[in-house]
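Reading the structure
Residues per chain are reported as follows:
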Amino acid sequence: MDDCTFCRITEGSLTAHIVHEDAVVMAFLDTTPINPGHTLVVPRVHEPDFHHLPPASYRALMDVVRTIATVIDEVHRPTKVGLVVAGWDQPHAHVHVVPMHDYHDITSRALLDGHRNRTTPRELERVATHLRGSLATRDASGDA
Ligand SMILES: [Zn+2]
């Protein structure tokens, strides 16, 4: 869909700080992260509601969510890694994978209302590079 930001990213017409991509799923950094490493995992197909995804796509999405959460845990050493699936901000199914240092990191009104601080492209690329490096290390060791 031309007017969907996430479709524009998955189709390549809009740039993002990509952490992972395969035939079904993409993961890229949120430009207004709650904490560094805050990643969005999306299906390539435009579907507003995650529970309407075909089962194989849903499983592929959640497999990537699990891997990204593991890598965020290794790289950023948060207290917990939280997931948020709300869909108020974009009409394209997505999972927020959030390094949490505080319980309210994913319960805050700032998250739900989208009133978060925008970070710099340079900082986003630094974080994405770090996460990609950790993913590559996992892939090389067969620890997927
Ligand atoms: Zn879309």
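Placed above this text is the structure.
Let me sum up the structure you'll find in this document. (Residues numbered from 1 in each chain as written. Predicted model: local features only at pLDDT ≥ 70, side-chain atom pairs only at ≥ 80, totals over all residues. Heavy atoms only, no water.)

Quick notes on the coordination of the zinc ion
The protein atoms that coordinate the zinc ion are Cys-4 (SG), Cys-7 (SG), His-46 (ND1) and His-92 (ND1), at distances spanning 2.0 to 2.3 Å. Around the zinc ion sit 4 donor atoms, and with donor-metal-donor angles ranging over 105 to 117 degrees the site reads as tetrahedral. As a motif over one chain, the donors of the zinc ion read C-x2-C-x38-H-x45-H. Here Cys-4 is found in the segment before helix 1 (5-11), whereas its partner His-92 is found in the loop between strand 4 (80-84) and strand 5 (95-100), with 88 residues between them in sequence. A relative accessible area of 2% places Cys-4 in the buried class. Classification of His-92 as buried rests on a relative accessible area of 0%. (Donors = N, O, S within 2.8 Å, 3.2 Å for Na, K, Ca; no water. Tetrahedral: all angles 85-135°; square planar, octahedral: opposite > 155°, others 65-115°. Helix = DSSP H or I, 4+ residues; strand = E, 2+ residues; numbered from the N terminus. Buried < 20%, exposed > 50% of the residue type's maximum accessible area, 1.4 Å probe, protein only.)

Comments concerning helix 4 (residues 121-141)
Across its 21 residues, helix 4 extends 30 Å between first and last C-alpha, which sits within 8% of the 30 Å expected from 1.5 Å per residue. Listing the buried residues of helix 4 in full gives Leu-124, Val-127, Ala-128, Leu-131, Ser-134, Leu-135 and Arg-138. Considered in projection along helix 4, the buried side chains sweep an arc of 130 degrees and stay on one side of the axis. Facing away from the buried side of helix 4 by over 90 degrees, the exposed positions are Arg-122, Thr-137, Ala-140 and Ser-141. Contact partners of the buried residues in helix 4: strand 1 (18-21), strand 2 (25-29), strand 3 (39-43) and helix 2 (55-76). (Expected span 1.5 Å × (residues − 1). Arc of directions from axis to C-beta. Contact = heavy atoms within 4.5 Å.)

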